[in-house]
Amino acid sequence: MEIKIIKDVLEANNNIAEENKSIKDERKIMMVNIIGSPGTGKTSFILKLIENMDIPCGVIEGDVASDIDARKMAERNIPVVQINTGGACHLNAYSINKALSTLDFEGGILFIENIGNLICPSDFELGEDFKLAMANVAEGDDKPYKYPLLFSKAKAVVINKIDLLPYFDFNKQYFYDGVKTLNDEAEIFEVSSRTGEGFEVLAKWLKEKYDEYVQGK
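Residues numbered from 1 in each chain as written. Predicted model: local features only at pLDDT ≥ 70, side-chain atom pairs only at ≥ 80, totals over all residues. Heavy atoms only, no water.

Asker: Can you walk me through helix α3 (residues 68-75) in this structure?
Answerer: Those residues of α3 lying buried are Asp69, Ala70 and Met73. Seen along its axis, α3 keeps its buried residues to an arc of 100°; they face one direction. Positive phi appears at Asn77, one or two residues downstream of α3, with a value of about 60°. (Buried < 20%, exposed > 50% of the residue type's maximum accessible area, 1.4 Å probe, protein only. Helix = DSSP H or I, 4+ residues; strand = E, 2+ residues; numbered from the N terminus. Arc of directions from axis to C-beta.)

Below is the structure:
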């Protein structure tokens, strides 16, 4: 009976996720679901990435509580909606549906900053075009091995805080091998939100993906 309840929750969520896809497609929005652990630098990563983008970008901020990250976006005139889960460890399709109805944004890339967690957000589809998995040098090189579901689903993988590499025992080859064993098609990017290293390459790749998205609609 418990398995059936879990299945029903996921099915209901996925039905709304399909609705979200239709909504965003009508508005020519490519949605990217960014998933990483607390402290991996998701907010500063999004801010630096948008600085390097030459197409419109918006953000849906997910947090258990507070609007600290959303205010950082608003201060830079980035279209943003805050979702507070009140304790839930992931965003769901319903919350994204409500955010889409509130956010005045179209014709660009919408970044979803999911709750800081590597497990729960991996299971819940939001209607996104793809997932971007984030790790950082300071938290270690074993994340693909410990959290295989996320890295097997991600279209892009980002190693943040690459400028800290000389100060931590982070084996890049071990990390890359872990990702590629799970997901040979995943693109891996090395960036530093502090120095700006690697963002030009990532921004170019995202622009190409957005162009492909628009051409396919």
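And the narrative resumes.
Asker: Any chance you could explain the packing of helix α2 (residues 42-51) against α3 here in plain terms?
Answerer: For any two helices packed against each other, one specifies the inter-axial angle together with the distance between the axes. Where α2 meets α3, the axes come as close as 10 Å, and the angle between the chain directions of the two elements is 15°. The pairing of α2 with α3 is recorded here as roughly parallel in orientation. The handedness of the crossing between α2 and α3 comes out as right-handed. Residues Thr43, Ile46 and Leu47 of α2 lie in contact with α3, whose contacting residues are Asp69, Lys72 and Met73. Of the residues contributing to the contact of α2 with α3, the split by class is three nonpolar, one polar and two charged. (Axes fitted to C-alpha atoms, helices over the stretch in contact; angles between N-to-C directions. Parallel < 35°, antiparallel > 145°, perpendicular 65-115°, else oblique. Left-handed = near helix turned anticlockwise from the far one by under 90°. Contact = heavy atoms within 4.5 Å. Nonpolar A, V, L, I, M, F, W, Y, C, P; charged D, E, K, R; others polar.)

Asker: Help me out: how do you make sense of the pairing of strand β3 (residues 80-84) in this one?
Answerer: On a regular strand, one side chain projects to one face of the sheet and the next to the other, so that they alternate. Residues Val81 and Ile83 line the buried face of β3, whereas the alternating positions Val80, Gln82 and Asn84 sit on a face that is not buried. Across five bridges, strand β2 (residues 57-63) lies against β3 in parallel orientation. Residue pairing in the sheet places Val59 in a bridge with Val80 of β3. Taken together, β2, α3 and β3 form a β-α-β motif whose crossover is right-handed. (Pairing = 2+ DSSP bridges. Right-handed = clockwise from strand over helix to strand, strands pointing away.)

Asker: Help me understand the packing of aromatic side chains, please; the structure alone is not making it clear to me.
Answerer: When we look at a pair of aromatic rings, we describe it by the centre distance and by the angle of the planes. Enumeration over the complete set of coordinates arrives at seven aromatic pairs. Ring geometry for Phe170 versus Phe175: centroids 5.6 Å apart, planes at 35°, classification tilted. You'll find Phe170 and Phe175 in the same group, each marked buried. Among the aromatic residues, those joined into a ring-pair cluster are Phe130, Phe189 and Trp205. (Phe/Tyr/Trp six-rings, centres within 6.5 Å; stacked < 30°, edge-to-face > 60°.)

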